[in-house]
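An overview of the molecular structure
Okay, here's what each chain looks like letter by letter:
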Amino acid sequence: MFDLDNLFRLDHYVGPRPLSELCLQVICKNLDLISVKDEYGNRHLLKDVVLPHEICDKLFIEYFEINPAANPNNFFTIFQDTRYTKLKHVKVGPLIPDSLFRILTSHKLAKLEFTCCPIIRKSYIENINRNAENLYTLIFRKSVGSIPVTLTEYYERGYVFKVPNLRILTLEYARICASKYKILLNGLTNLTHLDLSYSFDVGTFDFYTEVPNLISLVLYNVKITSQAEAFVNNICNLKKLRHLDISQIHLQDGIFTNPTKLLSEIINGLPQLTSLDISGTNLAGTKVDDCGNQLSESSERYNNTVCDIPGLASRINRPLEFLGLYGVFTDTPCTQNNIPAKLIAGTANEDQILVAVHVYMNSKEDLMSNVISDLYHMYRYENCHRMDQALCAVLEAMEKYPTQEDIQIPGSAALFYIVKMKKNDKLDTKLKKRIVGTLLTGMSIHRDQQCMMRNGCLTLYQFRLPQDVRSHYELLVKLLLYLVERTAHESYVQRIGIFLLNTLACKVTGREKRLLGNLGCIKILLELIRYRVESEIYDYVMEIAWSTLWNVTDETPINCQRFFDENGMLLFYRCVVQYSQKEELLKNMLGLLGNLAEVRGLRVHLMHPPYMSVFTCLMRTVGLSIEIPYNAVGILAHIASDGVEAWKSLIGIEKFNRDDVLELMAEAIERWDISSERNINYRSFEPLLRLVDVYHTPQCQHWAVWALANLTTVYPDKYCMLLIREGGYEKLETLISHPRPYERIKELARIVIENCDNYTGKNFVKSFINEDSIYSSDGSDVEN
């Protein structure tokens, strides 16, 4: 039937998409490329455009996948002229107008599928019959009551469907009584595959004479236990049958009297049978007495070979290709060793569950939730040997059933354990993209289901952020903002959500930071902080909210402005007063205010007495993290860099004598150890180098040059070349030769230069600077 090793192929998920699919995507998003709208909004193919069936069929499918909410009526008219378009395979949803259905059937289809169609009109049936010469497959899926309960009007002519070449017929949820199948199937003698899953009543299947050539019969979730012996007798007349599915989702509907005898009769009566699904029944070897009590049943021997499912003993030497034992009575049979089948769908081990996922993926949606749950419980304990196949299986299930909460939740949980076991560095980039996309689709649809959001966030945590989510960055940010805003305060889900949000604000460009601001990140974070301040709560979310604000305002003036617009300074002051001993919080808040101070037009908002009092107080702290006094001095340095007049022009600041503050700044800087390790990340030295040029206030230079000396001393690999590339080396050489800076500043500048020389070599630095100046002089090439 199939090879276990090839059930799910990882290369299907990591290979490049064919060019034809990419082209179809473009067309589906831009139908004006091939069609034009009329006054009623209906589309018609452009003149001289001809589309063969290979393109039409894929276009038909792809369009509704990309535009699920699109009006199909306006789209179908593209295929109105069969001279220029050709359809072979068509899938239609709920009721469509007769005129449009005529357009589709006029193409002499080979395959027609109805999904969720409440009733098949008589006009549909007649249109099918008029254009039936090529129809090979006819499917009614998820169409409850689609076949009319009364078929009386068809008895006079003797048939419903006149489709002589039909091979495959699916009639799910047929609500007709058994006696009506004779008229319904009359004339379909070439039928080889019949699926009556979920149907109301098939009786004893005494209409088998209408379908003598069946090789596949599916009766999933069809109750047949009341007349089981007569049913088996009739089924056994289908001597060509190779696949039989009489499985159940509810075990109470699958309890047979004399189960071993019935199974044996099926096996012996269908000599060509290679595939049998008896999931959800007791046919696998457990019998029940007249009172419904379970009776034990021992193994059976056949030709001196043991068979642990007695009813299959005759197939010891000719094992089935596939046997469905998923959810059988007591689940004991699928754990046995001696089962005459090459592949088994069951719950005993990983292989059996993966087989079940593969077999039930496209036909048993209601069973898939149980199967995916079983995968999750297995991988929860890291009992995974086929990780590639497991990953593909879960992805495929989640992609196929995005709206099914009972598939998405266990699927996302299983995905977490699989990704965790597989390790991030072993995942292909394209596979990561697909995993992230699948997760975010499920999270978007079920964003109010905290279990789904938690699973999704924990799985995303396994990736490198933000690198691995750049193609889905905006969607993820929107989901996380929704999560942290709407979920319960102090909940685990809110904590992990804001942690991921903070991670997404790190190591990204200004474009992403501006996007965060545009999506309301600053307002939402301040609301989280405001709630905690007013409730007198101090927790992890409070700290990370300020950290995220620090990150999202870094070198992003528009976000700095948003912070002021949302009254962020009032919250800053309340937090300083209320949580004055919380070192991590103070560090994060002052880091944020350092970003604000870098924006010249916004510094005026910082120069109010209460805030200035905080800055001057905190810059003198000893024993706390160096980041607190460091950032406090940095804020004052930026304010002082605007000059004496700017300082004096502010009302109410007279008590903060500028010279006194500058003296305190210099004293504070000299208390810091230049070898201190820092929890800070500079993407650019531009803010510091601007202060290096502030010769009118050397204390501003003092703070900036100390920072450069510290960073190039402790982290030379990270910062020496950054300084050289941004022109800092030259600026410091100029500073050393300038008369205005005092000697300590020049000493620190020499330390920076020495660090860069030691790291790269003095000659390299000089040649780098000279070469850079040559190439950047006028943008022209240099002749040799």
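Residues numbered from 1 in each chain as written. Predicted model: local features only at pLDDT ≥ 70, side-chain atom pairs only at ≥ 80, totals over all residues. Heavy atoms only, no water.

It is worth spelling out the overall build of the chain at this point. In terms of regular secondary structure, the chain is built from 34 helices and 16 strands. A compact globule built from 784 residues would reach a C-alpha radius of gyration of about 28 Å, whereas the chain, at 36 Å, exceeds it by more than 25%. Across its three principal axes, the chain shows a C-alpha extent of roughly 110 × 70 × 60 Å. When burial is assessed residue by residue, the chain has 54% of its 784 residues classed as buried. If you take every contact in the chain between residues at least 6 apart in sequence, the share linking residues at least 24 apart comes to 70%. Counting only carbon and sulfur atoms, one obtains 49% of the accessible surface of the chain, whose full area is about 34600 Å². (Helix = DSSP H or I, 4+ residues; strand = E, 2+ residues; numbered from the N terminus. Rg over C-alpha atoms; globule rule 2.2 N^0.38 Å. Buried < 20%, exposed > 50% of the residue type's maximum accessible area, 1.4 Å probe, protein only. Contact = heavy atoms within 4.5 Å. Areas by Shrake-Rupley, 256 points an atom, 1.4 Å probe, with all protein chains shown as cover.)

With respect to the element layout, Asn 237 can be found in the loop between helix 9 (228-235) and strand 9 (243-245). For Asn 237, a relative accessible area of 39% translates into the label partly exposed. Put simply, Asn 237 and Thr 209 are 28 residues apart on the chain and 8.6 Å apart in space, counted from C-alpha to C-alpha.

Within the largest apolar cluster, 169 residues are counted, with the highest numbers of intra-cluster contacts made by Trp 546, Phe 615 and Trp 703. In terms of residue count, helix 14 (residues 405-422) provides more of this core than any other element does, 10 residues in total. (Core = buried A, V, L, I, M, F, W, Y, C linked by side-chain atoms within 4.5 Å.)

A probe as big as a water molecule, rolled over the atoms, marks out the empty space that is left. If you add up the space inside the second largest pocket, you get close to 730 Å³. Taken together, 34 residues make up the lining of the second largest pocket; nearest its centre are Trp 550, Asn 551, Asn 679, Ile 680 and Asn 681. Of all the secondary structure elements, the ones that give two or more residues to the lining of the second largest pocket are helix 18 (492-505), helix 21 (540-552), helix 24 (583-597) and helix 26 (627-640). For the lining of the second largest pocket, the per-class residue count stands at 12 nonpolar, 13 polar and 9 charged. (1 Å grid on protein atoms, 1.4 Å probe; cavity = no way out; pocket = protein on both sides within 12 Å on 5 of 7 lines; lining within 4 Å. Points joined across faces, edges and corners; volume = space filled by probe spheres on them. Nonpolar A, V, L, I, M, F, W, Y, C, P; charged D, E, K, R; others polar.)

The next subject is the confidence of the model for the chain. Confidence along the chain averages 87 in pLDDT terms, with 90% of residues attaining 70 or more. Low pLDDT, under 50, characterises residues 287-299; the stretch is placed with 24 contacts to residues that sit more than four places away or in other chains. For the stretch residues 772-784, pLDDT sits under 50, and the model shows 2 contacts to residues farther than four places along the chain or on other chains. (pLDDT = per-residue confidence, 0-100.)

Here Leu 465 and Pro 466 are connected by a cis peptide whose omega angle stands at 5°. Looking at the secondary structure, you find Pro 466 in the loop between helix 16 (450-460) and helix 17 (473-486). If you check the backbone angles, Asn 567 has positive phi at about 60° while not being a glycine. Its location among the elements puts Asn 567 in the loop between helix 22 (557-565) and helix 23 (568-578). Since its relative accessible area comes to 44%, Asn 567 is described here as partly exposed.

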